[in-house]
Amino acid sequence: MIQQLGHLPMGWLLLALLAMLASGGFFVGRVQAERFSGATGSVRVHSRPNYHGYYVAMWTFVPALVVALAYAMLGEGIVRSLLAEELPANFQSMPSVELDVYLDSIARAAFDHGYGGADRVFSAIANRFLELQGMVKASAIGLALISAACGFFLARRKVAPSFRARNRVEGGIELFLFLCAGIAIATTVGIVASLLYESLRFFSEIPFWDFLFGTRWNAQTSAEFGALPLFYGTFMIALIAMLIAAPVGLFAAIYLSEYAGPTVRAWVKPVLEVLAGIPTVVYGFFALLVVAPAIRAVAVWINMTLMSAGITAEPLLAAQPTSALAAGLVMGIMVIPFVSSLSDDVINAVPQTLRDAAYAMGATKSETVKHVVLPAALPGIIASLLLAVSRAIGETMIVVMAAGQRARISPDPTADLTTITVQIVALLTGETEFDSPKTLSAFALGLVLFVITLFFNLIALRVVQKYREKYD
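This report concerns the structure included in the present document.

## Here we look at unusual backbone geometry
1) Next: At Ala 319, a residue that is not glycine, the phi angle is positive and equals roughly 55°.
2) Next: Residue placement: Ala 319 occurs in the loop between α11 (280-308) and α12 (324-348).

## Examining the packing of helix α9 (residues 228-259) against α12
1) Next: Where α9 meets α12, the closest approach of the two axes is 6 Å, and the angle between their N-to-C directions is 35°. In the packing of α9 onto α12, the handedness of the crossing is right-handed.
2) Next: Classifying every residue of the contact of α9 with α12 by side-chain character gives 22 nonpolar, seven polar and two charged.

## Some words on the layout of surface pockets
If a probe the size of a water molecule is rolled over the atoms, the empty space left behind becomes visible.
1) Next: Of the pockets and cavities examined, the largest pocket occupies roughly 510 Å³.
2) Next: Listing elements by their share of the lining of the largest pocket, those giving two or more residues are α3 (49-86) and α7 (165-203).
3) Next: A per-class count over the lining of the largest pocket returns 13 nonpolar, one polar and no charged.

## Quick word on the packing of α3 against α7
1) Next: Packing of α3 against α7 leaves a shortest axis separation of 8 Å and a crossing angle of 50°. Taken together, α3 and α7 sit at an angle that is classed as oblique. Crossing hand, α3 versus α7: left-handed. Residues Tyr 51, His 52, Tyr 54, Tyr 55 and Met 58 of α3 form the contact with α7, whose participating residues are Ala 165, Arg 166, Arg 168, Val 169, Glu 170 and Gly 172.
2) Next: Its residues assigned to classes, the contact of α3 with α7 comprises six nonpolar, two polar and three charged.

## Topic: the packing of aromatic side chains
Geometrically, a pair of aromatic rings is defined through the distance of the ring centres and the angle of the planes.
1) Next: If you walk through the whole model with that rule in mind, you get 13 aromatic pairs.
2) Next: Measuring from ring centre to ring centre gives 5.3 Å for Phe 208 and Trp 209, while their planes differ by 75°; the resulting arrangement is edge-to-face.
3) Next: On the accessibility criterion, Phe 208 (36% relative accessible area) is partly exposed.
4) Next: Ring geometry for Phe 211 versus Phe 231: centroids 6.5 Å apart, planes at 85°, classification edge-to-face. Of this pair, Phe 211 sits in helix α8 (residues 208-213) while Phe 231 sits in helix α9, and the two are 20 residues apart along the sequence. Residue Phe 211 shares its accessibility class with Phe 231, and that shared class is buried.
5) Next: Through pairs of rings, three or more aromatic residues link up here, namely Phe 202, Phe 203, Phe 208, Trp 209, Phe 211, Phe 213, Trp 217, Phe 225 and Phe 231.
6) Next: Directly above the ring of Tyr 259 sits Lys 365, whose terminal nitrogen or CZ lies 6.0 Å from the centroid.

## With respect to the nonpolar core
1) Next: Counting residues in each nonpolar core, the largest one holds 64 residues, and the members touching the most others are Phe 202, Phe 211, Trp 217, Met 331, Val 335, Ile 420 and Leu 445.
2) Next: Broken down by element, the residue count for this core peaks at 12 residues, all from α9.
3) Next: If you look at the next biggest cluster of nonpolar residues, it comprises 10 residues, including Ile 254, Val 369, Ala 377 and Ile 381.

## What about empty space enclosed by the protein?
1) Next: Considering all chains together, one arrives at one cavity of 30 Å³ or more under this definition.
2) Next: In this structure, the largest cavity spans a volume of roughly 40 Å³.
3) Next: The wall of the largest cavity is formed by Thr 234, Ile 237, Ala 238, Met 331, Ala 392, Ile 393, Glu 395, Val 399 and Thr 419.
4) Next: Per-element tally for the lining of the largest cavity: the top contributor is α9, with three residues.

## Structural notes on the pattern of salt bridges
1) Next: Under the defined criterion, the tally for this structure stands at nine salt bridges.
2) Next: Arg 201 is paired through a salt bridge with Glu 198; the nearest N and O atoms lie 3.0 Å apart. Of the two residues, Arg 201 and Glu 198 are both situated in helix α7; the distance of three residues between them amounts to about one turn of the helix.
3) Next: Under the relative-accessibility criterion, Glu 198 is labelled buried at 17%.
4) Next: A salt bridge links Lys 269 to Asp 344, with the nearest nitrogen and oxygen atoms 3.0 Å apart.

## A look at α11
The periodicity of an α-helix, 3.6 residues per turn, causes residues three or four positions apart to be oriented the same way.
1) Next: Taking 1.5 Å as the rise per residue, α11 with 29 residues should run 42 Å; its terminal C-alpha atoms sit 40 Å apart, in good agreement.
2) Next: The sharpest bend along α11 comes to roughly 40°, located at Ala 287.
3) Next: Those residues of α11 that are buried lie in contact with α10 (262-277), α12 and α15 (397-402).
4) Next: Immediately beyond the C-terminal end of α11, within one or two residues, lies Gly 310, with a positive phi of roughly 80°.

Conventions and cut-offs
Residues numbered from 1 in each chain as written. Predicted model: local features only at pLDDT ≥ 70, side-chain atom pairs only at ≥ 80, totals over all residues. Heavy atoms only, no water. Helix = DSSP H or I, 4+ residues; strand = E, 2+ residues; numbered from the N terminus. Axes fitted to C-alpha atoms, helices over the stretch in contact; angles between N-to-C directions. Left-handed = near helix turned anticlockwise from the far one by under 90°. Nonpolar A, V, L, I, M, F, W, Y, C, P; charged D, E, K, R; others polar. 1 Å grid on protein atoms, 1.4 Å probe; cavity = no way out; pocket = protein on both sides within 12 Å on 5 of 7 lines; lining within 4 Å. Points joined across faces, edges and corners; volume = space filled by probe spheres on them. Parallel < 35°, antiparallel > 145°, perpendicular 65-115°, else oblique. Contact = heavy atoms within 4.5 Å. Phe/Tyr/Trp six-rings, centres within 6.5 Å; stacked < 30°, edge-to-face > 60°. Buried < 20%, exposed > 50% of the residue type's maximum accessible area, 1.4 Å probe, protein only. Lys NZ or Arg CZ within 6 Å of the ring centre and 35° of its normal. Core = buried A, V, L, I, M, F, W, Y, C linked by side-chain atoms within 4.5 Å. Salt bridge = Lys/Arg side-chain N within 4 Å of Asp/Glu carboxyl O. Expected span 1.5 Å × (residues − 1). Bend = angle between axes of the 7 residues up to and from the residue.

In short, geometric facts, not functional conclusions.
Okay, here's the thing in structure tokens:
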């Protein structure tokens, strides 16, 4: 029985258990509150019966949830510690890394192969692992039930006409929202801390200035870590993308907000927003199979025309099968919804009274848009453009498929280039050693990319705060 319990998924067990306990607590608390609510007559009741039910359910659910979270974080470690203490002396003398690998294989065998196996010793250890797993699960379930019962009886005793159940429930909801916000902040801090720690390890071996301003990148041989070509490729592709997305997205937003009728807006705006839902790998295939060959054909035609006319003796354009121009054009199409949707919302937020005042002064539609609407919406428009730049800088799949992976500095947009995100993917795939400069350089690139995107977001916030205009 204990071994069978070890096979069962603990998450679903505790989830179903917590749902039943919370439902029962809510029902009991609500029924009790309805009884004294109907029997008190002239006595003033502070909270509605539902709030009493929520209060009892909350104190029934939360203690059991704490036990479930504790098991999720510590349960596997407890089982492994108990099993390691029971292993023979020759296993306990193994290095900690090898012992962890062995315990991992035991855990996989226990769940994949059950109780059988060719090796009797290994099979016996796997069966013992399941027994310990079942014991810990049974203990966690029992402790969750005891905790839920204690919380239930303590909360049920407080149900009374004068009890401020609504205040307690709202306070609990506020605490839950605070914890969610804290988790988001803690996750961000953890990401930054991990990037910073690994980056400092990398910079302890490679000088910071050589990494930041070096012009040769060949991390695969752990010899050259000059990231300037990566920065150049990243910003060049992002610039090409914004040259497409900024005017098209902004003009589309102006048309939809100021000129389009309700029917046209109802059809065109969802079609534009569909572009944001297309997977980036689809954009990558489109860039690789359609856009890149077309750009190469045009570049070859330009080279042949210039050479036949005697203007140049050698090809002027690289005309590579993959190019920065192909990736930038398709990335610009992908970023258009970010610019158009945000700018459209900002333009629509401009008060109609400003437009009416301009019309009253004799301004035309275009003059009103140019001199009144756009200046009023300028902070939001700039913020949308900067957020779109951050999105373009962080794109990976389109660049991997359409821009190439050669790290170099070239002003020719038809040449193949690479970006920071592409190199991060290349460095962290395949057989990697996390102590080598090659792998650690990926964290340094990630830190630089994080700082760049943070810089653009801070600029966007600063622009909004500085140029925001408040209207009565």
